[in-house]
Each structure stands twice: as C-alpha cells, then as structure tokens.
Amino acid sequence: MGLLFAFLLGIGNFAVHKAVLESGHPLLGTVSWYGQSLGGRVSFGVEFLMLFGTMLMIAQGTAGWAWFYGAYSVMNALAAWLILSRRA
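Here the structure is a predicted model, which is why all the values come from computation and not from measurement. (Residues numbered from 1 in each chain as written. Predicted model: local features only at pLDDT ≥ 70, side-chain atom pairs only at ≥ 80, totals over all residues. Heavy atoms only, no water.)

(A) Geometry of the environment of Pro26. With respect to the helices, strands and loops of the structure, Pro26 is situated in the loop between helix H1 (2-22) and helix H2 (33-36). Classification of Pro26 as exposed rests on a relative accessible area of 58%. Considering only alpha carbons, one finds Pro26 and Ile83, 57 residues apart in sequence, at a separation of 9.4 Å. (Helix = DSSP H or I, 4+ residues; strand = E, 2+ residues; numbered from the N terminus. Buried < 20%, exposed > 50% of the residue type's maximum accessible area, 1.4 Å probe, protein only.)

Next comes the structure, spelled out in structure tokens:
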C-alpha cells in the first residue's frame, strides 16, 4: 500500500515539476547553472532519485518513508502553487 501511495505521489510530483519548469516564471532565472542544465533534466533526475530511494526504503519495510514522501509532496505542491499562481 505504501509503494502505491509513493508511486502516485511521484506521478503528481513529476507533473507539478514539469508545470513549474514550463511556466516561464522569473524565479526560474535565479536558479544556478547546474539547476538549469539540460533544460531541467538534472532536477527531474533528482526528483526520480527521491522517488526511487523512497520506494526502496518502503519496500524494505520502513513505512516512515511513505510519510516523509507525503510531507515532501505536500510542500512541493504548495511551492508549485505559489509559483504558478504568481504569488512567489
């Protein structure tokens, strides 16, 4: 159940991440050169590693990682909402 929860949150995180990258928000211009490299693919790689690591830990029986990833996803969604609604 935890793996499914993390996987679904991961899909949401990738969608939000892509929306922010494509928004053209001026805040993206302040990101360092390695954050912008390859059109944001590096940041997608970090997002993937977060999801993959969380799913590995959940598969090993540490369900606390599902809660961690859930909290991370809530903060990620809040930050994306602030950026996409131009409140940040």
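There is more to say after this.
(B) Representation of the packing of H1 against helix H3 (residues 41-59) in the model. Axis separation between H1 and H3 bottoms out at 10 Å; the angle between their running directions is 170°. Comparing the axis directions of H1 and H3 gives the class roughly antiparallel. Contacts between H1 and H3 involve Gly2, Leu3, Ala6, Phe7, Gly10, Asn13, Phe14, His17, Lys18 and Leu21 from the first element and Ser43, Phe44, Glu47, Phe48, Leu51, Thr54, Met55, Ile58 and Ala59 from the second. A per-class count over the contact of H1 with H3 returns eleven nonpolar, six polar and two charged. (Axes fitted to C-alpha atoms, helices over the stretch in contact; angles between N-to-C directions. Parallel < 35°, antiparallel > 145°, perpendicular 65-115°, else oblique. Contact = heavy atoms within 4.5 Å. Nonpolar A, V, L, I, M, F, W, Y, C, P; charged D, E, K, R; others polar.)

(C) Spatial organisation of the nonpolar core. If you look at the biggest cluster of nonpolar residues, it comprises six residues: Ala6, Leu51, Ile58, Ala66, Tyr69 and Tyr72. Tallying contributions element by element places helix H4 (residues 64-84) first for this core, with three residues. Setting aside residues up to four positions removed in sequence, Ala6 forms contacts with Leu51, Thr54, Met55, Ile58 and Tyr69. (Core = buried A, V, L, I, M, F, W, Y, C linked by side-chain atoms within 4.5 Å.)

(D) Looking closely at the environment of Ala6. The residue Ala6 is located in helix H1 in this model. With 59 residues separating them in the primary sequence, Ala6 and Trp65 have C-alpha atoms 8.9 Å apart.

(E) View of the confidence of the model for the protein. Mean pLDDT over the protein stands at 86; residues scoring 70 or higher make up 84%. Model confidence for the protein, summarised as mean pLDDT per element, is weakest for H2 at 56 and strongest for H4 at 93. (pLDDT = per-residue confidence, 0-100.)

(F) Here's a closer look at a nonpolar patch on the surface. Taken together, the side chains of Met1, Leu4, Phe7, Leu8 and Ile11 present a nonpolar region at the surface, about 570 Å² in accessible area. On the secondary structure map, Leu4 appears in helix H1. (Patch = residues over 30% accessible without salt bridge, like charges linked within 9 Å, V, L, I, M, F, W, Y side chains within 5 Å. Areas by Shrake-Rupley, 256 points an atom, 1.4 Å probe, with all protein chains shown as cover. Salt bridge = Lys/Arg side-chain N within 4 Å of Asp/Glu carboxyl O.)

(G) Seen up close, the pattern of salt bridges. Scanning the model with the defined rule gives one salt bridge in all. Across the salt bridge formed by Lys18 and Glu22, the nearest N and O atoms sit 2.9 Å from each other. On the criterion of helical spacing, the pair formed by Lys18 and Glu22 is a turn pair, its members being four residues apart in helix H1. Overall, Lys18 belongs to the partly exposed group, its relative accessible area being 43%.

(H) Geometry of the packing of aromatic side chains. Taken as a whole, this structure holds four aromatic pairs when the rule is applied. Summarising the aromatic geometry, the rings of Phe14 and Phe44 are spaced 6.1 Å apart at their centres and angled 10° between planes, so their arrangement reads as stacked. With Phe14 in helix H1 and Phe44 in helix H3, this residue pair connects regions lying 30 residues apart in the sequence. A ring pair is formed by Phe48 and Phe52, whose centres lie 5.7 Å apart and whose planes are at 15°; its orientation type is stacked. Residue Phe48 and its partner Phe52 are both found in helix H3; the two are separated by four residues, about one turn of the helix. Looking at Phe52, the relative accessible area reads 42%, which means it is partly exposed. (Phe/Tyr/Trp six-rings, centres within 6.5 Å; stacked < 30°, edge-to-face > 60°.)

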